[in-house]
There are 2 protein chains.
Amino acid sequence: MKFIIQRDQLIASIQDVMKAISTRTVIPILTGVKIEAKQHGITLTGSDSDISIESYIPAEDDGNVNIEQIQEGSIVLQAKYFPDIIRKLPEKIVEIESDEHLKLTIRSGKAEFNLNGQDAEEYPQLPTLQTDDSFEMPTDLLKNLIKQTGFAVSTMETRPILTGVHMNLKDNILKFTATDSHRLASREIPVKDANIQFPSVVVPGKSLNELNKILDDNDAPIEVSVTNNQILFRTKHLNFMSRLLDGNYPETSRLIPEQSKTAFHVKTKELLNTIDRASLLAKEERNNVVRMTTQGDKLVEITSNSPEVGTVSEEITVQSIEGEALTISFSSKYMIDALKAIEYEEVKIEFTGAMRPFIIRPANEDPILQLILPVRTY
Amino acid sequence: MKFIIQRDQLIASIQDVMKAISTRTVIPILTGVKIEAKQHGITLTGSDSDISIESYIPAEDDGNVNIEQIQEGSIVLQAKYFPDIIRKLPEKIVEIESDEHLKLTIRSGKAEFNLNGQDAEEYPQLPTLQTDDSFEMPTDLLKNLIKQTGFAVSTMETRPILTGVHMNLKDNILKFTATDSHRLASREIPVKDANIQFPSVVVPGKSLNELNKILDDNDAPIEVSVTNNQILFRTKHLNFMSRLLDGNYPETSRLIPEQSKTAFHVKTKELLNTIDRASLLAKEERNNVVRMTTQGDKLVEITSNSPEVGTVSEEITVQSIEGEALTISFSSKYMIDALKAIEYEEVKIEFTGAMRPFIIRPANEDPILQLILPVRTY
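Residues numbered from 1 in each chain as written. Chains lettered and ligands numbered in written order. Predicted model: local features only at pLDDT ≥ 70, side-chain atom pairs only at ≥ 80, totals over all residues. Heavy atoms only, no water.

Per an unreviewed UniProt entry, chain A is named Beta sliding clamp, and its organism is Virgibacillus natechei. What the UniProt record of chain A gives under Subcellular location (unreviewed entry) is the line "Cytoplasm". Recorded under Sequence similarities (unreviewed entry), the UniProt text for chain A is reproduced unchanged: "Belongs to the beta sliding clamp family." (UniProt positions renumbered as here; feature names shortened; annotations may be inferred.)

Below, the structure is given as C-alpha cells:
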C-alpha cells in the first residue's frame, strides 16, 4: 500500500473515525484504525462494535487531486499514536507506505516514522446495509433533532431501552422521543419522499451524540436507512453506522396532559437566566430543586433555598397568566436543559397542578415538546 | 456593611483572591472570602495560609466613582458560591449589604440572594510586612522570570526545598534558580535602586505559579519585599503574600560545566518541533527518552523508539557543529520545557560528553541558562 496525501485532509478524516474508537473494547484490533487504499480513494474505518464510522477521501474531487501515487492495499494502525503523528508532521504533504511485513512508514519533510501495523484481514467485517429503503433530510435539521431530544435519555443502565432515542417514521412525519422517566423531550418534522416507514427504532443516545459531533452544520442531505438491528447515516464522504437497542420502548403519549389548569408565555432567555441563578445555591444537592409561584396575573416568583448557604428569589414578568394560581417545585437542571433545547425566543408553559407533569413548547407552535415531572417538596 | 459596586470590577477582584482559596484547608473559615468595606474602598481577601491575596477596589480611581453608598463593615462569605452568584447577576450594578446577624444580601435587578456569612473577626490576621526594604521591577519581567524557571521545580515532597524557586539579590542583580535535580533553570536580571540584598530566599513554586496567573502582562512596577519567612509582591491594587520555604538550598553553581566538548547553534522552534515529534511514540514511558546524534558538522539526527509501537527519526540542520562527535539521550519533556522557556529564536547547546549535564542558552547571550542531565540508555 502506498499513497501521498494532503496532511489536513487526512487529519479531518482521522478525527471523524476516532470518535468510534474506544480503548476499552474487548476486541483488541478495534483499538486501531483501518486504512484501505483503492485507486479511487482512501477509506479510514474506526469501530467499537456499537458504532462504526467510515470516512472516505476520494483520489479526485471536483477536479482537485487529493491523493497521488496510490498503490492499493490495507493495514490497521494503533489509533493511539496515529492522530498526533499526522497532526505534528512538518510538511503539508504526507507519504504513507506499508510493506509485506506490516510495517508502515510515514514520511513528511525530513521526519520519518516506522510503525508496526496489523493485518487488515483480521479487522471485523462491518455489516453492509441495504440502503434502498431510506429517506433523506438536511444535516443541520438532523443535528437539531438530536440536540433537542438526545439530552433527555437516561444515563442509567437499569432500563437500557431508555438510554436510547426513539425514532418513528410514519406518513412522512419523523418523530424523535427521549425520556429518562423524569422528563421527556420530543420533536416531529416532516420528511420528503421517504420510501420506508418504521413504527419504533431506538438508537443509543451515545451514538447520536457522536454523530452530532461529526456532522458539519450545513443543509447538505444526509441519508438514513434502517434494518432490524442497525441504522446507517450516510453523507457524501461519511458512513456512520450504529446498532439499535433491543426491547420495547414505553408508550409515552399517555404521559402528555391534554388540558392545562395554569399556563403562561415567557421569554425563554429570561426564564433560563433566572432559573440558572436560582440553581446556584442548590448545586450541592442531587436534584437542585427550585420553586415557581405565580403572583397575580403578570408575575412569577422563582425561589430556592439551601439551609446552610442561604436563599435566593427573583421575580420575572410573564405574559398574562391564564388559569389557577400555582406553586410548583422542579429540578432546575431539567428546566435549564429543556429551555436550552427549544431555541426559540418565547415559550409557552402549561401546568395541570403541582403534582402533575408540565409541558414547555415554543410559542411558535413548532412541534417541539419538553415535559418535566415536578418534585414533591413536603 | 453596605456598598453599591460595578459587577465586572467585583468579578475581577474575586477571581484574583480565589486563586489563594482552597477547599482543603484545615482552618474552615479560610474556605471563605473576606470582604471589608471602608470609606476609601473595598478589600477582598483570600488565603490558604501559605498564600494570601488582598485585592483592593478604591471607591474612586482617577476621578471615576467605582463604589457608592459605602457603610463600613466586614464579613466572611463562602467562596464556593460567591463568584458564580456575582458573575450571573442580571444587572451591571450590584448592591451588597450585611446585617448584625451576619446575613448578607446581594441585589441586582429583581434578583436577591440572602447568604449566611461568618464573623470577619474570626478570620486570621495576615502577617504585616515591613515594606521599607524592597525593590521594584516591571511586572512583565517578573512574569518572564517565573515562566522561565518555575517549571523546573521538583513536584516531589522528598526534598521539599526543591519545590521552591531560589531567589538571590546581590549588587543589584536578581537571580532565580529552580532545579528538580534532573534539570535546572536559571536567569539573572539587573534591578535598579534595590535597598535590600538577600543571599537566599526560597519561594514555593506553587505560589509563583499562582502569582503569574494573577498578574497582568504589562510593565507597571511591582514591589517586592522579603522578611524571614514571608515575601510580599505588591502592585497598585493587589497584595500577594507567600510563606518562604525553610531549609538550605543546594549549591547549584558547581553543576554547571565550564567547558564544552561539543557545541552547536540551532533554531529553537525547529529543534522544539523535531523533539516533540520524536517524543510522540514514547509518551507511554515515564522518561520518554529521545536520542540525539551529530552527523558530520551540519546535521543532527533525533531518534526515538518504542519497541511495540515503532521508531521515529528526523534530521535537523544546525549551524556548524564545533568539537567532538556526540550521541546523547535525554528526556524529551525536559528538552521541550527548556526550549519553550527560552523564547528566543536561536539557542546554543553545549555538551561535555554523553554522561555529563548539557546546557542550553539563548544565542543572544541573555543570562538564561537551562541545564539537563542526560539519561543512560545502555
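Visitor: I'd like a description of the sheet that holds strand β15 (residues 183–190) of chain A, backed by residues and values.
Guide: Residue and element names in this part refer to chain A. Overall, antiparallel pairing links the nine strands, which are arranged β16-β13-β14-β15-β28-β27-β26-β20-β24 in an open sheet. The open sheet is flanked by β16 (198–204) and β24 (322–323), the only strands paired with a single partner. The pairing of strand β20 (residues 262–267) with strand β26 (residues 346–351) spans six bridges and is antiparallel. Bridging from a neighbouring strand, A263 pairs with E350 of β26. Packing of helix α4 (residues 205–214) onto the sheet brings it into contact with β13 (164–170), β14 (173–179) and β16, and relative to β16 it is tilted by some 75 degrees. (Pairing = 2+ DSSP bridges. Helix = DSSP H or I, 4+ residues; strand = E, 2+ residues; numbered from the N terminus. Contact = heavy atoms within 4.5 Å. Axes fitted to C-alpha atoms, helices over the stretch in contact; angles between N-to-C directions.)

Visitor: Outline the relation of the copies chain B and chain A, supporting the account with residue identities and numerical values.
Guide: Once turned by 180 degrees and shifted 0.0 Å along the axis, chain B lies on chain A with an RMSD of 0.0 Å. These values place the two chain copies in the arrangement generated by a two-fold rotation axis. Every residue of chain B has its C-alpha some distance from the rotation axis, and the shortest such distance is that of K213(B), at 16 Å. Same-surface contact between copies: 100% of interface residues of chain B are shared with the interface of chain A. (Least-squares fit on C-alpha atoms with pLDDT ≥ 70 in both.)

Visitor: Quick rundown of the pairing of strand β27 (residues 358–362) of chain A? Include the residues and the values.
Guide: Residue and element names in this part refer to chain A. The element β27 is largely enclosed, with a buried count of four among its five residues. Linking β26 back to β27 in an antiparallel pair, the connection comprises six residues, with G353 at a positive phi of about 110 degrees. Hairpin connection of β27 to strand β28 (residues 368–372): five residues between the antiparallel strands, including E365 at a positive phi of 70 degrees. (Buried < 20%, exposed > 50% of the residue type's maximum accessible area, 1.4 Å probe, protein only.)

Visitor: Give a description of the packing of helix α3 (residues 139–149) of chain B against helix α4 (residues 205–214) of chain B that names residues and reports values.
Guide: Residue and element names in this part refer to chain B. Where α3 contacts α4, the axes come no closer than 10 Å and their chain directions differ by 140 degrees. Compared by their axis directions, α3 and α4 come out oblique. Taken as a pair, α3 and α4 cross one another with a handedness that is left-handed. Touching L142, K143, I146 and K147 of α3 are L208, N209, L211 and N212, all from α4. A breakdown of the residues in the contact of α3 with α4 according to their chemical character gives four nonpolar, two polar and two charged. (Parallel < 35°, antiparallel > 145°, perpendicular 65-115°, else oblique. Left-handed = near helix turned anticlockwise from the far one by under 90°. Nonpolar A, V, L, I, M, F, W, Y, C, P; charged D, E, K, R; others polar.)

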